[in-house]
Amino acid sequence: MSLRKFISNKTIAALAVILTVFASTSAFAQAAGAAAETVAKPIDMGPVYKTAIFYTMAFLLVCLFVAIIGKALKVYELTREAQDQPKGINWNTVNGVLFALFLIVGLYGVYWEYTVHGKMILPEAASEHGKKIDQMFNITLIITTIVFIATHIILFVFAYIYRSTGKRKAYYYPHNNALERIWTIVPALVLTVLVLMGFLTWRSIFYKIEDPNNKPINIEITSSQFAWAIRYPGADGIVGLKNYKLINSINALGIDFKDKNTLDDQTADEMVIPVNKPVRLILTSKDVLHSFYMPHFRIQLNTVPGMTSYFEFTPTITTEEMKVKTNDPKFAYLFLCAKICGEGHYKMQKEVRVVSQAEYEAWVKKQGTYLTDDLRKEFNLPVTVAPAAVAPADSVAKDTSAVKTNQLALKK
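Cut-off values and rules
- Residues numbered from 1 in each chain as written.
- Predicted model: local features only at pLDDT ≥ 70, side-chain atom pairs only at ≥ 80, totals over all residues.
- Heavy atoms only, no water.
- Helix = DSSP H or I, 4+ residues; strand = E, 2+ residues; numbered from the N terminus.
- Expected span 1.5 Å × (residues − 1).
- Contact = heavy atoms within 4.5 Å.
- Pairing = 2+ DSSP bridges.
- Axes fitted to C-alpha atoms, helices over the stretch in contact; angles between N-to-C directions.
- Phe/Tyr/Trp six-rings, centres within 6.5 Å; stacked < 30°, edge-to-face > 60°.
- Lys NZ or Arg CZ within 6 Å of the ring centre and 35° of its normal.

> I would appreciate a short explanation of helix H5 (residues 91–115) in the present structure.
Owing to its 3.6 residues per turn, the α-helix brings residues three or four apart onto one side. Its 25 residues give H5 an end-to-end C-alpha distance of 36 Å, which sits within 8% of 36 Å, the value for a rise of 1.5 Å per residue. Packing partners of the buried residues in H5 comprise helix H6 (128–161).

Structure representation (structure tokens):
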């Protein structure tokens, strides 16, 4: 018997498979028995599952398994070819069926993404311009989803229906002016409409006409590694000037107190803003590039060293109302840094509270001024004198009665 016939002999091949399976089973049984004897306690695989090495090894194992299956099929095909037998596997049919399966799985994946991850998106916008941004986002998402699903259905269905069967010849279709006009003009028109919507929305946000009867509240936000500084304008409604050359240990923002508008400026640990009242943000940076981000208000703008940026918006939903809408009693608006600015980037967040006008006015009165006695001494400004202690009423009464007693004694 020749070597070729010996290898292709079905009986020999079957015996080889049985021997391999038996040997593998025996080895596994021995290894399992040894492991059961040596390991008394179950191993906690949780930490292992969290490592990158585990998933790398799993990926390589899957690749190895696929390679083994591929080699086995290759040997099977070569064996049939050596025996002058027709091909056993129609790979065109296999590829067509796989395309159809991938289409079904892919469409289900789209459905799953919308139903599961779709619930994780932000709630409705809490600002006037945010509603316009959400509207643009939804229109773009609907259009792209329709195009995505339609093109993939056509692609995968064509790959299945027109798979090679050996009974027909591919049709050579090099050019069609009508089709080229359609897939050029239609996307161009759709993109033009979307770009115009974005441009008009952008202009409505950044080029507002100020209402003299409803002037915005100016709030300055200064970013630094890794914190935010909030400055309110005080009673005059104007945020005073600052100069980076004046920054020192006690004047962290470099406020220029030669400008009288700075004398009543206030600082705060949180941003509190009144609902339905325009707010004008003044954004600056002390060191590197940061990104001021208020997700629920649909605001994101870079803070650039040496440059001042402005953004005006009007909040429409109070914090308490949003707690009810989200069914989350711990809900809080935040503003964060959306730029990876260093190792402490994750710390850069502060709370934002949207309240009524009366609550806002009461809160502002409680905030301290940026100008302290140390800063007054630094800039040769008059230091505030603490009011004299007032004696208690009953002690004053005692002193008065004592004086009267002494006066009577002197008269006598």
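> Got a minute to help me understand unusual backbone geometry in this structure?
The phi torsion of most residues other than glycine is negative, and most of the peptide bonds are trans. A cis amide bond, omega 0 degrees, links glutamine 225 with the succeeding residue phenylalanine 226. Relative to the helices and strands, phenylalanine 226 is located in the loop between strand E1 (217–224) and strand E2 (227–232). One non-glycine residue with positive phi stands out, namely asparagine 276, at about 60 degrees. For asparagine 276, the position within the fold is in the loop between strand E4 (271–274) and strand E5 (279–285). Its identity is not glycine, yet arginine 298 carries a phi of approximately 55 degrees, on the positive side. By secondary structure assignment, the location of arginine 298 is in the loop between strand E6 (290–294) and strand E7 (299–303).

> How should I be thinking about the pairing of E2 in this particular structure?
Every other side chain in a regular strand lies on the same face of the sheet, so the side chains alternate between the two faces. In this structure, E1 lies alongside E2, joined through five bridges in antiparallel fashion. Note that in E2 the partner of threonine 222 across the bridge is alanine 229. Joining the antiparallel neighbours E1 and E2 is a turn of two residues. Note: E2 against strand E3 (residues 266–268), three bridges, orientation antiparallel. Note on E3: the bridge partner recorded for arginine 231 is threonine 267.

> Is there a simple way to explain the sheet that holds E6 in this structure?
Taking strand neighbours across the sheet as the criterion, the five strands line up as E4-E10-E9-E6-E7 in an open arrangement whose pairing is mixed. The open sheet has two edge strands with one neighbour each: E4 and E7. Each strand axis lies, on average, 20 degrees off the axis of its neighbour in the sheet, ignoring direction. Running at roughly 140 degrees to E4, helix H9 (residues 357–365) makes contact with E4 and strand E10 (349–355) of the sheet.

> Looking at this structure, I do not really get the packing of aromatic side chains. What am I missing?
The relative placement of two aromatic rings is captured by the distance of their centres and the angle of their planes. One pass over the full model with this rule turns up 18 aromatic pairs. Plain terms: the ring middles of tryptophan 202 and tyrosine 207 are 5.7 Å apart, the flat faces sit at 70 degrees to each other, and that makes the pair edge-to-face. One aromatic cluster is present, built from ring pairs that chain together Phe199, Trp202, Phe206, Tyr207 and Phe311. Here the guanidinium or amino end of arginine 163 rests over the ring plane of tyrosine 160, the centre of that ring lying 4.6 Å away. One Lys or Arg, arginine 203, reaches over the ring of tyrosine 207 and ends 4.9 Å from the middle of that ring.

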